[in-house]
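Here's the letter readout for the chains.
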Amino acid sequence: MRALVARLVMVLCVLFVSGLADQPQALVLERGSEANWAKKRKVPKLRTQPGPIAALPTDPQTAPTTQRRTKRYRRRGRNSKIKPVAKEPEFHVYRPAPLVSIHDSGLEGALADSSYSRWIFDTLRQKSKPVLWTQKADRKAILAWYAKRNFAPHWISSSGLTERASRLMRLLSEAERHGLEAEHYAPTGLARLGDISEELFDDPVKVAKLEIAITIAALRYARHASGGRVDPNKIGRSYDLAPPVIGRMEALLKLTGTARPDRYLNTLHPSHPAYAALQAELVEDRELKIIQIPSGPSARYGEIDPRVPMIRARIVQLGFLSAAKGRTSSRSSHDPRYFDKKLSKAVKRFQAAMGLRRDGIVGRKTLAALNGQKRKDFRALAILNMERLRWLPRDFGRQHILVNQAAYEARFVERGNTVHKMRVIIGKPHHPTPVFSDEMETVVFNPYWNVPRSIAGAEMIPRLKRDPGYLDRKGFQVIDRRGRKVRSRSVRWWNYTGETMPYDIRQPPGRRNALGELKFLFPNKHAVYMHDTPSRQLFNAERRAFSHGCVRVQNPRKFAEIVLGWNARKVASLVATKTNRRVPLRKKIPVHLTYFTLWPDEANVLVDYADVYGRDNALAKALKTPARKLR
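The rules we used
Residues numbered from 1 in each chain as written. Predicted model: local features only at pLDDT ≥ 70, side-chain atom pairs only at ≥ 80, totals over all residues. Heavy atoms only, no water. Helix = DSSP H or I, 4+ residues; strand = E, 2+ residues; numbered from the N terminus. Buried < 20%, exposed > 50% of the residue type's maximum accessible area, 1.4 Å probe, protein only. Contact = heavy atoms within 4.5 Å. Expected span 1.5 Å × (residues − 1). Pairing = 2+ DSSP bridges. Axes fitted to C-alpha atoms, helices over the stretch in contact; angles between N-to-C directions. Core = buried A, V, L, I, M, F, W, Y, C linked by side-chain atoms within 4.5 Å. Parallel < 35°, antiparallel > 145°, perpendicular 65-115°, else oblique. Nonpolar A, V, L, I, M, F, W, Y, C, P; charged D, E, K, R; others polar. Phe/Tyr/Trp six-rings, centres within 6.5 Å; stacked < 30°, edge-to-face > 60°. Patch = residues over 30% accessible without salt bridge, like charges linked within 9 Å, V, L, I, M, F, W, Y side chains within 5 Å. Areas by Shrake-Rupley, 256 points an atom, 1.4 Å probe, with all protein chains shown as cover. Salt bridge = Lys/Arg side-chain N within 4 Å of Asp/Glu carboxyl O. Lys, Arg positive; Asp, Glu negative; His and termini not counted. Charge placed at Lys NZ, Arg CZ, Asp CG, Glu CD. pLDDT = per-residue confidence, 0-100. Arc of directions from axis to C-beta. Polar contact = N/O pair within 3.5 Å; in protein donor to acceptor, adjacent residues only side chain to side chain.

Caption draft 1: View of the overall build of the protein chain. If you tally the helices and strands in the protein chain, you get 20 helices and 20 strands. A buried classification covers 45% of the 631 residues belonging to the protein chain. Partitioning the contacts of the protein chain with sequence separation of at least 6, the portion at a separation of at least 24 is 69%.

And the structure:
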């Protein structure tokens, strides 16, 4: 009996030990088919869904592993910090081209018969005081120009300055008429442009230096008149312009071939009508006494107030209302005390500039601001905007599109006349619309919106990490590298940034499409274009800086009619198809995305606009930055 019990106990022990040996193997197999295990248990696979994981398994054997995986997901997933990419600042520290001495010790060449040729040649070879400074490219052109002339003088003779030199000096002395500074063109060695004494011509060395200094000044003026005093592309990242600066040797040869260098240099300034309007502002007397408006009850639109003529005059004086538009309504023309709609809008512009509540009512705070605010310096604004006009092509095109970002306005111009004008929406202050010129080539009906990776990374991916199905619900399409559509929910968004994700995101045509019904393309490296928008209510705002850099147009169908030369029915019928279609223009149309804070309206009255991007200050600083002199 005892032997039977001992054998039974031995068998039970063997069975128990073998069971313990088999249990880890079964557990390993279960973990090895984790996908099937998760499917059977109806729990999400680990590290494929954002947010806290629900329905975790309660099996004590698997709980530790699940907890470890959850912690690893939280470290690598939604709680991971992606180092932000440093964004280039909007404005740069402006550095003009450095100046070098005109002399070149290795200069060679034959000399002319003129008695001054040897002195000019020696002055160009030897560095002596006062040093003649110029840009390196100017020096190269001037040396080549004198060598071509066998160093014969052009501006002086044995009897003094030539007639062409006198005409040139008078032009340089009147540089302020074009918003330039006369002292920048005073020949080295002269206190001012008219300070040339007869005794100077007794010293051949000084005469030779004067000859060369006049050439340097003339070439500098030619560059500034034709392409501006500063290089806009060095001011900030939003500029992409090719100023039409005259070729240096071309300018010198033209100066050689004319007896009227003043007339030639005047032709280098912009010929656009707006330039003449800005130039006229420089000679106007704007020193006006501040108009003091007496206190009283609030004045508002639709009311009669004896102070309205003073309010209107003060608003005009400050530059928020042109004198020509000061009284336009029939009622205000009969009763100057009537507070009309134009004045109300002007008061709102003033309030916006002062940081006050934009209600158009002249209350206590607005009245105090009106009585204490100095008038805008229109002369300084004219100088800045004349400089901007020099950066643009001299010929805008027989037909062209001019977008003035500061005015939130686009014009279609034909033969100098505005055919169509409309409101536009431009980029936000931290997503400014760039300044450049290009050509419109295509109109896209019912466009797709291909989401830029910068927008996807900054605005979409952070939300997708919390809600992977967001794009599916909003009707966006996710396209992989093979051009296949994939579900937004199937992508592990927390592993990517906008630049690293192997997908493209686009919004198909439709009512909610961010580009609306129409897109107007002028291919450029900035990926900026003009387009419609479903948010039409934004055009009612006074300051319309809401986009990511593209230009939204108020009346896209009318705009399409004009650029395509179609009628309204044809445009509407193609929009109604709801089908994406590209229509090339029969002839490309120049597009100029500009920025003018002072610009004439249709009546040629200058209107000032708010500097939404702060570009006036950046340009003013650049104009005042002196060039560095190299030894």
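Having seen the structure, we can now continue with the description.
Caption draft 2: Geometry of unusual backbone geometry. Following Lys-129, the chain continues into Pro-130 via a peptide bond in cis, with omega recorded as -5°. The residue Pro-130 is located in the loop between helix 4 (117-125) and strand 2 (133-135) in this model. Non-glycine residue Phe-151 carries a positive phi angle of around 65°. With relative accessibility at 0%, the residue Phe-151 sits in the buried group. One non-glycine residue, Tyr-408, lies in the positive phi region at around 55°. Mapped onto the elements of the fold, Tyr-408 is located in the loop between strand 6 (399-404) and strand 7 (409-414).

Caption draft 3: Region of interest: helix 13 (residues 341-354). The end-to-end C-alpha distance of helix 13, which contains 14 residues, comes to 20 Å, matching closely the 20 Å that a straight helix rising 1.5 Å per residue would cover. Residues of helix 13 that are buried sit in contact with helix 11 (308-318) and helix 14 (364-372). Phi turns positive one or two residues past the end of helix 13, at Gly-355, with a value near 75°.

Caption draft 4: View of the sheet that holds strand 11 (residues 477-480). The strand order 10-13-11-12 describes an open sheet built from four strands, whose pairing is antiparallel. The open sheet has two edge strands, strand 10 (449-450) and strand 12 (485-486), and neither has a second partner. Inspection of the sheet shows strand 11 paired to strand 13 (residues 503-507) by four bridges, in the antiparallel sense. Bridge pairing in strand 13 places Gln-477 opposite Arg-506. Packed onto the sheet, helix 16 (residues 453-466) meets strand 10 and strand 13 and runs at close to 85° relative to strand 13.

Caption draft 5: Region of interest: the nonpolar core. By size, the foremost hydrophobic cluster in this structure holds 69 residues, and its most contacted members are Ile-401, Met-440, Phe-445, Phe-520, Met-530 and Val-563. Looking at this core element by element, the count peaks at seven residues for helix 15 (residues 378-390). Phe-520 has contacts with Met-440, Thr-442, Val-443, Tyr-529, Met-530, His-531, Val-553, Pro-556, Phe-559, Ala-560 and Val-563, leaving out every residue within four places of it along the chain. Membership of the second largest hydrophobic core comes to 44 residues, among which are Leu-172, Tyr-185, Ile-214 and Leu-252.

Caption draft 6: Representation of the packing of helix 4 against helix 7 (residues 204-227) in the model. In contact at an axis separation of 9 Å, helix 4 and helix 7 are set at 70° when each is read in the N-to-C sense. By the angle class used here, helix 4 and helix 7 are roughly perpendicular. Mapping the contact onto sequence places Trp-119, Ile-120, Thr-123 and Leu-124 in helix 4 and Pro-204, Val-205, Ala-208, Lys-209, Glu-211 and Ile-212 in helix 7. Here the residues of the contact of helix 4 with helix 7 are counted per class, giving seven nonpolar, one polar and two charged.

Caption draft 7: Structural detail: the packing of aromatic side chains. Enumeration according to the criterion identifies 13 aromatic pairs in this entry. Ring plane angle 75° and centroid distance 4.9 Å describe the contact between Phe-121 and Phe-151, whose orientation is recorded as edge-to-face. Taken together, the positions of Phe-121 in helix 4 and Phe-151 in the loop between helix 5 (136-148) and strand 3 (156-157) put the pair 30 residues apart, joining distant regions of the chain. The burial state of Phe-121 is the same as that of Phe-151; both residues are buried. Aromatic side chains Phe-320 and Phe-350 sit 5.4 Å apart centroid to centroid with 85° between the ring planes, which places their arrangement in the edge-to-face category. A residue pair is termed long-range when its members are at least 10 positions apart, and Phe-320 in the loop between helix 11 and helix 12 (330-334) and Phe-350 in helix 13 qualify at 30 residues.

Caption draft 8: Representation of a positive patch on the surface within the structure. Together, Lys-341, Lys-342, Lys-345, Arg-349 and Arg-423 give the surface a local cluster of positive charge. Ranked by the residues each element gives to the positive patch, the list is headed by helix 13, at four residues. Its place among the elements puts Lys-345 in helix 13. For Lys-345, a relative accessible area of 41% corresponds to the partly exposed category.

Caption draft 9: Just the pairing of strand 6, in detail. Taken across its six residues, strand 6 has five buried, putting it largely inside the fold. In the sheet, strand 6 pairs with strand 7 via six bridges, with the strands oriented antiparallel. Bridged to Gln-399 within strand 7 is Glu-414. Between the antiparallel neighbours strand 6 and strand 7 lie four residues, among them Tyr-408 with a positive phi of about 55°. Examined bridge by bridge, strand 6 and strand 18 (residues 581-594) share four bridges and lie parallel to one another. Bridge pairing in strand 18 places Ile-401 opposite Val-591.

Caption draft 10: Inspection of the confidence of the model for the protein chain at higher detail. With 80% of its residues at a pLDDT of at least 70, the protein chain reaches an overall mean of 83. pLDDT under 50 marks residues 14-86. Its contacts with residues more than four places away, or in other chains, come to 50 contacts. Note on residues 325-330: pLDDT is under 50 here. Beyond four places in sequence and across chains, it has 14 contacts.

Caption draft 11: Spatial organisation of the environment of Met-354. Within the secondary structure, Met-354 is located in helix 13. For the pair Met-354 and Thr-366, spaced 12 residues apart in the sequence, the C-alpha separation amounts to 8.8 Å.

Caption draft 12: Molecular detail of the pairing of strand 13. Only one face of strand 13 is covered, namely the face carrying Tyr-503, Ile-505 and Gln-507; the face carrying Asp-504 and Arg-506 is uncovered. Pairing between strand 10 and strand 13: two bridges, direction antiparallel. Across the sheet, Asn-450 pairs through a bridge with Arg-506, a residue of strand 13.

Caption draft 13: Molecular detail of the packing of helix 15 against helix 20 (residues 615-624). It is at 10 Å that the axes of helix 15 and helix 20 come closest, and there the two elements cross at 85°. As summarised for this structure, helix 15 and helix 20 are arranged roughly perpendicular, according to the angle between their axes. For the pair helix 15 and helix 20, contact is made by Leu-381, Leu-384, Glu-387 and Arg-388 and by Arg-615, Asp-616, Leu-619, Ala-620 and Leu-623, respectively. A class-by-class count of the residues in the contact of helix 15 with helix 20 yields five nonpolar, no polar and four charged.

Caption draft 14: Representation of helix 4. Along helix 4, the positions that sit buried rather than exposed are Ser-117, Ile-120, Phe-121, Thr-123 and Leu-124. Axial view of helix 4: buried residues confined to an arc of 165°, hence all on one face.

Caption draft 15: Summary view of the side chain of Asn-385. Among the structural elements, Asn-385 can be located in helix 15. From its side chain, Asn-385 meets the backbone oxygen of Leu-381 in a polar contact 2.7 Å long. Beyond its immediate stretch of four places on either side in the chain, Asn-385 contacts Leu-278, Tyr-595, Phe-596, Thr-597 and Leu-598.

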